[in-house]
Structures are given as structure tokens and as C-alpha cells.
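One-letter residues, chain by chain:
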Amino acid sequence: AAPLSAKPSAFKVDEKQTSLKDITTYNNFYEFGTDKGDPAAYAGSLTTRPWTVKVDGLVNKPGEFGIDDLLSSMPLEERVYRMRCVEAWSMVIPWIGFPLAELLNKVEPNGSAKYVAFETLQRPSEMPGQKGFLPVLDWPYVEGLRLDEAMHPLAILAVGLYGETLPNQNGAPIRLVVPWKYGFKGIKSIVRISLVDKQPPTSWNRQAANEYGFYANVNPEVDHPRWSQATERRIGESSFFGAGRHKTLPFNGYGDQVASLYSGMDLRVNY
Amino acid sequence: MASPARPTAPPAAAPATPIRRSGPRPGRRQAWQVWALYVVGFVPAVWTFYLGATDQLGADPVKSFEHSLGLWALRFLILTLCVTPLREITGMSLIRYRRALGLLAFYYAAMHLSTYLILDQGLDIAAVVADVLKRLFITIGMAAFVMLIPLAVTSNGYFIRRLGRNWGRLHKLIYLAAAAGAVHFVMSVKSWPTEPLVYAGIVAVLLTYRLLRPLWRPKRRGSARQRSAGTPLAGQPRQV
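No experiment lies behind these values; they were computed from the predicted model shown. (Residues numbered from 1 in each chain as written. Chains lettered and ligands numbered in written order. Predicted model: local features only at pLDDT ≥ 70, side-chain atom pairs only at ≥ 80, totals over all residues. Heavy atoms only, no water.)

Before we move on, could you go through the environment of valine 189 of chain B and cite the residues and values that matter?
Its location among the elements puts valine 189 of chain B in the loop between α8 (173–188) and α9 (194–212). Distance in space between the C-alpha atoms of valine 189 of chain B and phenylalanine 137 of chain B is 9.8 Å, their sequence separation being 52 residues. Ignoring anything within four residues of it in the chain, the contact list for valine 189 of chain B reads Arg226 of chain A together with Pro196 of chain B. (Helix = DSSP H or I, 4+ residues; strand = E, 2+ residues; numbered from the N terminus. Contact = heavy atoms within 4.5 Å.)

This is the structure:
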């Protein structure tokens with residue numbers, strides 16, 4: 001991870017930040033294995049240069065963007081966000097990134113674009129989890145957002161954390177961060193972003209549609225079928241003596257900014 | 001009807017006990033070995049607790065500790081279920097350790113549950129009750145633990161004598177408890193990672209062994225007679 005400078009931003013939660021060690025050793029990145037420690041153990045060999053992100057689909061100016069061009073040309077900001085995993089744990093992470101809208105505006109989505117589809121690198125030679133005899137997921141990992149969600153100022157493409165470029169296990173060199181949604185929406189190591197007119201498939205939804213919806217907004221009222229989402233364990237605080245359980249907040253605490261995106265929708269149905 | 005096998009003392013007439021290391025007499029030495037098994041058996045719990053208490057158990061120490069205890073409960077259940085097939089297939093009798101293995105499984109299940117209740121849920125009883133009632137995998141895990149309680153309570157000589165042939169019938173519950181434990185593990189994770197499936201596969205093989213054993217068992221009546229308790233297929237009439 002190389003040093004990466006970024007402007008401070010107003011998007012900063014005032015809570016104790018999770019340690020770099022915890023952020024970089026406790027990861028779900030199934031391309032490198034299903035254990036929380038697997039990404040830290042096996043992602044080191046991932047080649048992240050050269051790297052291009054192809055942005056195409058229903059746009060006027062499709063293009064391929066080199067990662068170093070993005071790092072130098074995009075307005076990098078530090079965003080301290082809560083991260084709430086669907087598994088009921090959470091962190092507070094100082095990301096460095098830029099609004100997804102900045103990139104989307106460059107390619108000029110046309111009038112028929114309604115959704116944004118994302119795709120992770122598929123490279124089994126460097127991603128041992130993709131080689132499995134019984135694949136845990138259909139590779140490559142795919143995710144999606146509605147266009148208005150993608151254009152929301154809170155939605156960023158992260159390229160760093162704690163003042164440095166993104167460690168491989170956290171989704172280097174570029175990943176999505178959508179802080180009001182469960183962590184699995186934050187697709188890692190993105191190689192392609194496509195503007196489309198229909199709701200795109202998403203990996204966890206394909207794996208278990210009754211457990212993981214397309215929207216996946218953090219919602220303490222709607223339980224996962226196998227566990228409650230009412231509370232969360234804050235990583236780093238839930239020490240052995242005194243488990244720090246926090247109440248989970250609607251939209252992960254970002255309701256003031258994003259709830260209006262879903263007005264009129266039944267969030268129990270669109271979980 | 002043969003009397004049920006006493007878990008720590010193999011019948012004197014057992015045909016094959018090649019593993020007895022020093023002398024044929026059961027007694028104090030054997031008890032010492034069983035106590036040693038308890039000591040060794042608790043090492044993972046003590047060690048993992050030490051790691052957790054000194055902040056060496058990763059980012060989510062409570063979850064890791066909880067998971068480790070549950071995994072060891074399942075491992076000891078599996079070892080308990082291995083005793084009979086091992087003896088029937090290889091002649092190696094570890095039956096004197098079976099009670100200790102079963103009780104270790106129970107103790108680990110109890111610690112796993114306590115960790116969930118105290119360290120994980122912070123004794124939020126309402127949340128726990130809701131979990132047990134609404135989350136099938138927790139319901140199943142709790143059922144497995146509840147099934148182990150009567151087995152642990154009746155694992156002593158008093159109840160073995162007192163219950164007679166019913167002791168063996170009661171202790172067939174371990175089959176259901178092991179199956180429930182394995183399902184609980186598989187259902188607790190996202191997708192279908194390998195590790196829980198491997199454990200479920202081992203349990204399935206051990207239970208299938210019991211199901212299929214009547215196919216070859218008649219050939220082994222002599223040895224079967226010695227250990228009718230705890231191992232027969234559920235519902236099979238015992239013949240002596």
C-alpha cells in the first residue's frame with residue numbers, strides 16, 4: 001500500500017475508527033477463501049497493475065480507465081463510514097475514494113440507463129477461491145445499484161484507506177462502498193461497470209434470493225432468515241469481557257440522506 | 001439380554017483388546033488415562049480462552065471463541081461415534097474412553113451455548129428466545145444441546161445400572177444430536193463452504209454405518225454381544 005493523499009470531507013462519522021489491523025485481517029472476499037483470514041493470507045499475490053476499469057453499456061462515451069489515471073484525476077476524499085456486514089458485525093472505516101457519480105458522469109449515461117452493473121476480476125490463477133471444486137458463488141462476483149443510488153453522493157469508489165492505497169484483501173485497486181447497504185454490496189476489485197436498463201443480477205441474490213435481496217439496505221426491522229439484524233457487534237470493541245453490541249440503525253445511520261430514495265417502497269419486500 | 005456396556009470398563013471377555021498398553025487389568029491405571037483424556041480434551045477451550053482474553057483471537061474474538069467451542073463439541077461427538085466402528089472394523093477398542101469423549105462433547109456444547117448467551121448476546125434473554133424460536137439453525141443447535149443433557153446426566157454407573165436396557169435406547173439420542181450438530185454448523189454459514197460439509201459428511205458416514213450394519217452384523221454376533229448398548233441401530237430388536 002502506497003501513501004495516498006486525499007482531502008478531508010464532511011462525510012465523517014464521529015465514532016471510534018476500527019484499527020487498520022482489524023480492517024485488513026477480518027474480511028469477506030470469497031475469491032480468496034471463505035475464512036475471514038483467507039483474504040489477508042492469500043490476496044497478496046493479486047496483480048493490481050496494470051488495471052483498467054471498463055465503463056460501458058447505455059452511455060454516450062464508453063471508456064476504459066486506467067487505475068493510475070483515476071487516482072490522479074479524480075477528486076479523492078477521505079470518507080469515514082460505518083460498514084455493516086449482513087453477518088451482523090460492523091466497522092468504522094476511513095476510506096479514500098471519489099463519488100461514483102464522478103466516473104458515471106464522465107461516460108454520460110443516456111436516457112435509457114436505469115441501473116448500474118458491476119463486475120469483479122475473474123482470475124483463478126491469482127484468486128484461489130475461484131478455483132474451488134465446489135464454487136461457493138458463481139464467478140465473477142457481480143453487483144448492482146439503481147442509477148439514482150449510484151449517483152448519490154454517499155456512494156463512492158474507494159481506492160484507499162487509512163491514508164494509503166487499498167490493501168488487496170480490501171478490494172484493491174478499486175471497490176464500491178455504499179455505506180447504507182450491507183457490506184456485500186461493496187463489490188471489490190472492479191473491472192467493469194455497465195449502465196443497463198434492467199435490474200442486473202447480483203451474486204448473493206443468485207446464491208440465496210430469500211436471504212439477500214437486490215437492495216440490501218441495512219434494516220434492523222427486517223431480519224435475515226437465520227439471524228436478527230437488530231443489533232451488531234462492532235469489531236474491535238466486542239472484547240472478551242464486555243461484548244459491545246450496538247443497535248443497528250436504519251440505513252446504517254444514513255437515513256437522513258438516503259431514505260427518500262425509497263419513498264413509497266415496501267422495504268420488507270424489497271429487502 | 002446383555003447388560004449395557006459400561007463406557008469406561010470394557011467387558012472382561014471382550015475378544016479383542018490389543019491396545020491395552022501395560023497389563024490387562026482395568027483399574028487405577030485406566031482411570032488415570034481417562035483423566036488424562038479430560039485434561040487434554042480441555043486444552044483447546046483453555047487455550048482459546050487465553051488467546052481471547054489476551055486479545056490474540058483476531059478481530060472478532062467472541063465469535064471465534066464461540067465457533068471454536070462449537071467445532072470442538074462436534075469433533076468430540078464424532079470421536080464418540082467413532083469408537084464402535086473402529087472396534088468392529090479394526091479390533092481396536094477405545095470404549096473405555098467413550099464416556100469421557102461424550103462428556104467432553106457435552107461440556108463443549110455447554111460452553112458454546114454459554115458463550116453465545118453471555119459473551120455474544122450479553123444475556124439479552126429476549127433476543128436469545130427470539131433467536132431460538134425464529135432461527136431454524138439456532139433451534140436445531142439448541143435441540144442438539146438439549147438432547148445431550150439426558151445423556152450426560154445418565155452417563156454414570158448409577159444410571160447405567162438403574163436404566164438397564166433402556167440406557168442403551170436412551171443413548172441412541174447421540175445419533176440425532178450429532179446429526180443436529182452437523183446441520184447446525186452447515187446452516188450457520190453463508191453459501192456452502194467446504195468445512196461444514198466435510199463435518200456433515202463424516203457424521204453422515206458414521207450414522208450410515210449404523211444403518212447398514214445389520215447387513216453384516218449377524219456374522220459378528222460373538223463380539224456384538226459384548227456391547228449392545230449405545231451402538232445398535234435405532235429400533236432394531238436386540239438379540240443375544
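Here the narrative resumes, following the displayed structure.
So what's going on with unusual backbone geometry? Residues and values would help.
The linkage connecting arginine 49 of chain A with the following residue, proline 50 of chain A, adopts the cis geometry, with an omega of -5°. As for its placement among the helices and strands, proline 50 of chain A is situated in the loop between α2 (38–42) and β2 (52–57). Of note, the bond from alanine 172 of chain A into proline 173 of chain A is cis; its omega dihedral lies within 30 degrees of zero at -5°. By the element assignment, proline 173 of chain A lies in the loop between β9 (164–165) and β10 (175–177). Notably, asparagine 252 of chain A is not glycine yet its phi reads approximately 60°, a positive angle. For asparagine 252 of chain A, a relative accessible area of 2% puts it in the buried group. Phi at serine 191 of chain B takes a positive value of approximately 55°, unusual for a residue other than glycine. With respect to the helices, strands and loops of the structure, serine 191 of chain B is situated in the loop between α8 and α9. (Buried < 20%, exposed > 50% of the residue type's maximum accessible area, 1.4 Å probe, protein only.)

Before we move on, could you go through the pattern of salt bridges and cite the residues and values that matter?
Enumeration according to the criterion identifies 23 salt bridges over all chains in this entry. Lysine 190 of chain B serves as the salt-bridge partner of glutamate 87 of chain A, at 3.4 Å between the closest nitrogen and oxygen. Linking glutamate 87 of chain A in the loop between β4 (77–84) and β5 (89–99) with lysine 190 of chain B in the loop between α8 and α9, this pair reaches from one chain into another. Across the pair, exposure class does not vary: glutamate 87 of chain A and lysine 190 of chain B are buried alike. Between lysine 134 of chain B and aspartate 223 of chain A there is a salt bridge, and its shortest N-O distance comes to 3.2 Å. Taken as a pair, lysine 134 of chain B in helix α4 (residues 125–134) and aspartate 223 of chain A in the loop between α6 (203–207) and β12 (231–234) lie in two separate chains rather than in one. What makes aspartate 223 of chain A partly exposed here is its relative accessible area of 25%. (Salt bridge = Lys/Arg side-chain N within 4 Å of Asp/Glu carboxyl O.)

How would you summarise the nonpolar core if you had to cite specific residues and measurements?
In this structure, Ile174, Trp180 and Ile193 of chain A are the most contacted members of the largest nonpolar core, which totals 85 residues. With 7 residues, the top contributor of residues to this core is β5 of chain A. Membership of the second largest hydrophobic core comes to 53 residues, among which are Leu103, Phe106, Ile140 and Met147 of chain B. (Core = buried A, V, L, I, M, F, W, Y, C linked by side-chain atoms within 4.5 Å.)

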